[in-house]
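Breakdown of the fold
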Amino acid sequence: MASSSSSSGAVAFVMLFCILAAHGAESPPPPLSPPATTSPPPYVSPTPPSPAANPTSVNGTDADAGWLDARATWYGAPTGAGPDDDGGACGFKHVNLPPFSSMTSCGNEPLFKDGKGCGSCYQIRCVAQNNPACSGVPETVIITDMNYYPVARYHFDLSGTAFGAMALPGLNEQLRHAGIIDMQFRRVPCEYPGLTVTFHVEEGSNPNYMAILVEYEDGDGDVVQVDIMESRPGVGGMSPTGQWEPMRESWGSIWRMDTGRPMQGPFSLRITNESGKTLVADQVIPADWQPDAIYSSIVQFN
């Protein structure tokens with residue numbers, strides 16, 4: 001009986017196989033591939049766009065043109081300029097005072113641009129959809145520091161003063177209490193009425209090494225290259241050599257020249273902004289220059 005039962009089972013199996021084959025049994029699905037890992041999109045340069053020649057006021061017909069989305073946080077004292085030393089990674093000093101007036105911000109890399117975004121100006125705003133305390137009125141801030149821990153593709157880590165300035169009247173503290181908000185921004189030309197491009201010879205500079213902070217540039221507000229020209233003895237005193245030497249970006253908006261030999265002034269400086277415009281300050285730094293001294297030019301980007 002066991003042999004007959006076994007034979008019947010074999011016949012049944014063969015019949016089932018034939019039926020499946022005749023009707024085209026489906027093949028098992030291929031094994032699932034592991035999910036592909038995705039990386040955040042790379043930062044594209046130049047970003048954000050260059051400043052508009054004539055930014056539109058909030059009451060203009062194109063008031064919503066050119067705005068990009070970002071996130072905002074704030075740091076430092078609630079009504080301060082951000083850094084405890086009123087400086088930052090750009091090298092600017094006393095940013096709590098005019099013309100900065102504490103309206104300053106750290107920028108992450110697409111804004112800071114490894115220091116070449118230092119001094120750039122942006123309009124910022126937040127609207128009621130972002131937070132009920134938001135006014136929607138644009139305010140202008142200057143990039144003076146680096147944001148090392150971004151929470152968005154564009155992240156403004158604002159001074160407490162600048163963050164609160166986006167609020168409706170009397171609601172500055174309520175907005176700051178939010179801590180982090182969505183906001184909008186756009187690049188605008190910098191304006192320093194009554195000021196010319198200024199050079200601060202940094203502390204520690206000497207005849208063989210000179211470090212210079214560049215500030216107060218109208219228009220782009222930033223600097224992508226600085227060149228220096230020495231002087232040499234000539235008829236009637238020292239005269240320019242006629243040879244420009246490129247300085248190296250030290251950090252932020254500070255540029256340096258290392259020569260290994262004593263340099264001779266007066267010194268002329270040529271600066272280039274992000275738009276490619278150049279400006280020459282002839283013999284702006286005197287022969288008897290001093291470290292930690294400020295020398296104002298008579299030129300400005302128009």
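The paragraphs below set out a description of the structure included in this document. What you see is a predicted model; the values in this text were computed from it and never measured. (Residues numbered from 1 in each chain as written. Predicted model: local features only at pLDDT ≥ 70, side-chain atom pairs only at ≥ 80, totals over all residues. Heavy atoms only, no water.)

Details of the overall build of the chain
Counting secondary structure elements, the chain contains four helices and 17 strands. Burial analysis of the chain (302 residues in total) assigns 43% to the buried set. Counted over contacts in the chain with a minimum sequence separation of 6, partners at least 24 positions apart contribute 71%. Accessible surface, the chain as shown: approximately 16000 Å² in total, 57% of it carbon and sulfur. (Helix = DSSP H or I, 4+ residues; strand = E, 2+ residues; numbered from the N terminus. Buried < 20%, exposed > 50% of the residue type's maximum accessible area, 1.4 Å probe, protein only. Contact = heavy atoms within 4.5 Å. Areas by Shrake-Rupley, 256 points an atom, 1.4 Å probe, with all protein chains shown as cover.)

So, the side chain of Ser 268
When you line up the elements, Ser 268 lands in strand β15 (residues 267-272). In this structure the side chain of Ser 268 is engaged in a polar contact, spanning 2.7 Å, whose partner is the backbone nitrogen of Gln 283. Once you skip the residues sitting within four places of it in the chain, Ser 268 turns out to touch Asp 227, Ile 228, Met 229, Trp 244, Ala 281, Asp 282, Gln 283 and Val 284. (Polar contact = N/O pair within 3.5 Å; in protein donor to acceptor, adjacent residues only side chain to side chain.)

Remarks on the sheet that holds strand β12 (residues 245-246)
With respect to topology, four strands assemble into an open sheet ordered β12-β9-β15-β16, the strand pairing being antiparallel. Lying at the two open borders of the sheet, with one neighbouring strand each, are β12 and β16 (278-285). In the sheet, strand β9 (residues 225-229) pairs with β15 via five bridges, with the strands oriented antiparallel. Its bridge partner lying in β15, Ile 228 is registered against Leu 269. (Pairing = 2+ DSSP bridges.)

Observations concerning the sheet that holds strand β13 (residues 248-251)
Strand order in the open sheet made by the five strands is β13-β14-β8-β7-β17, with antiparallel pairing throughout. Edge strands, defined here as strands with exactly one partner in the open sheet, are β13 and β17 (293-296). Adjacent strand axes in the sheet meet at a mean angle of 35 degrees when their direction is disregarded. Looking at chain direction, β13 and strand β14 (residues 254-258) are connected through three bridges and run antiparallel. In the strand pairing of β14, Glu 249 is matched with Trp 255. (Axes fitted to C-alpha atoms, helices over the stretch in contact; angles between N-to-C directions.)

Focus: the pairing of strand β2 (residues 104-107)
Across the two faces of β2 the burial is the same, with Thr 104 and Cys 106 and Ser 105 and Gly 107 all buried. Where β2 lies against strand β4 (residues 139-146), four bridges are found, and the strand directions are parallel. Note on β4: the bridge partner recorded for Ser 105 is Ile 143. Examined bridge by bridge, β2 and strand β5 (residues 155-159) share three bridges and lie antiparallel to one another. Each residue of the ladder has a partner; that of Cys 106, found in β5, is Asp 157.

Considering unusual backbone geometry
A cis amide bond links Pro 98 with the next residue in sequence, Pro 99, at an omega value of 5 degrees. For Pro 99, the position within the fold is in the loop between β1 (68-75) and β2. Geometrically, the link from Gly 265 to Pro 266 is a cis peptide bond, its omega value of 0 degrees lying close to zero. In this fold, Pro 266 is placed in the loop between β14 and β15.

Everything listed here is a matter of geometry and, on its own, says nothing about what the molecule does.
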